[in-house]
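# Breakdown of the fold
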Amino acid sequence: MVDLWLTETHKEAGLTVRVSGTVYSERSAFQQVDVVDTVPYGRMLLLDGRVMTTEQDEFVYHEMIVHVPMLSFAQPPTRVLVIGGGDGGTVREVLRYPSVEQVVLCEIDGLVIEACKAHLPDISVALREPLDPRLTVIVGDGIDYIERQHNAFDLIIIDSTDPMGPGEGLFTETFYRHVHRALTAHGMMTAQTESPVLDKTEFVNIYRNLLPVFSVVKPYVGSVPTYPSGMWSWAFCSKGETPLPKAPAQTIEAIAAHTRYYTPEVHTAAFALPGFVQALVAQAAQSSAQPVVLAAGGAN
Ligand code: SPD
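Residues numbered from 1 in each chain as written. Predicted model: local features only at pLDDT ≥ 70, side-chain atom pairs only at ≥ 80, totals over all residues. Heavy atoms only, no water.

A ring pair, where both rings are aromatic, is described by two values, the distance of the centres and the angle of the planes. For the structure shown, the criterion picks out eight aromatic pairs. Taking 4.6 Å as the distance between ring centres and 40 degrees as the angle between the ring planes, the aromatic pair formed by Phe 203 and Tyr 207 counts as tilted. You can see Phe 203 and its partner Tyr 207 sitting in helix H6 (residues 200-210), four residues apart, about one turn around the helix. The pair formed by Phe 203 and Tyr 207 is uniform in burial state, with each residue classed as buried. Ring pairs connect the aromatic residues Tyr 61, Tyr 220, Tyr 227, Trp 232, Trp 234, Phe 236 and Phe 271, which therefore count as one cluster. (Phe/Tyr/Trp six-rings, centres within 6.5 Å; stacked < 30°, edge-to-face > 60°. Helix = DSSP H or I, 4+ residues; strand = E, 2+ residues; numbered from the N terminus. Buried < 20%, exposed > 50% of the residue type's maximum accessible area, 1.4 Å probe, protein only.)

In structure tokens, the structure reads:
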């Protein structure tokens, strides 16, 4: 038998896994879409050669990007927008809440949705027809979509790729300002914010863009074994609401009965940041507070 190994390189580091076969490989208008079978992590989705999700560890990422904000609402949220997330894992978790009346999934790449529906059935289960009547799937650019929304969603989840290629525009201050405007008064946003170990520059830049926009900006961390360095981060942002488990005990128990990573204790603990991550956030705060330097001669 041929011994096949795949390495995802990320800057000067890499994740190497044994592969038992290629399941899908197509180029969309936006990116290269691949699905492969790996021995340690099951089926894996890669976009432009970057690991997006795997059958074995997707639960960490999807539970943390969804249940941390959802269970931080004291009053059950009803309207949720997911930008990106074409694999369906995030909407699968959102739809566990009976309080949710409307979920919009806005994914730029229809081929990602099709590949996941065909080859990652457990992750994409919520995208299978017939759809839950609460779910609307839009194949379109989240940047354009959000510009047209005002006071429309209780929770907006940015389930993006890395800040390059099609995902790049989902990390700018302008985009975050549109998200802020699209949220209701008690609204919250969560977004994936890269590895604080291997993506220090990107991490600082993301928080530099978030801090001037939202009154509450709290990074939180977790372990996603197949993401660069294994240490991953998300941002919790709001107009004043704090990220603590505040949902009724009954709701928290009903959700925790399904989750494998999320617990109310993990929720609280994820915001206890290691010193080096605190230092990165302080660096972002310092640089976002810098006064705008005017061109020479323009100071008065
Ligand atoms: N470096 C990989 C970052 C991927 C984050 N998004 C994953 C999408 C899973 N729904």
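Structure shown, so let's carry the discussion forward.
Looking at the element boundaries, Gly 49 is found in the loop between strand S4 (42-47) and strand S5 (50-54). Gly 49 sits 102 residues away from Asn 151 along the chain, and the two C-alpha atoms are 37 Å apart.

Turning to the pattern of salt bridges, a few remarks are in order. Throughout the structure, instances matching the rule amount to twelve salt bridges. For Lys 11, the salt bridge identified is with Asp 199, shortest N-O distance 3.0 Å. Of the two residues, Lys 11 sits in the loop between strand S1 (4-10) and strand S2 (13-27) while Asp 199 sits in the loop between strand S10 (183-192) and H6, which places them 188 residues apart along the sequence. Look at Lys 11 and you get partly exposed, because its relative accessible area is 44%. We classify Asp 199 as buried; its relative accessible area is 1%. Between Glu 129 and Lys 117 there is a salt bridge, with its nearest N and O atoms 3.1 Å apart. Linking Glu 129 in the loop between helix H3 (110-119) and strand S8 (135-139) with Lys 117 in helix H3, this pair joins segments that are twelve residues apart in sequence. Glu 129 sits in the exposed class, given a relative accessible area of 55%. What emerges from the salt-bridge pattern is a single network uniting Glu 58, Arg 92, Glu 93 and Arg 96. (Salt bridge = Lys/Arg side-chain N within 4 Å of Asp/Glu carboxyl O.)

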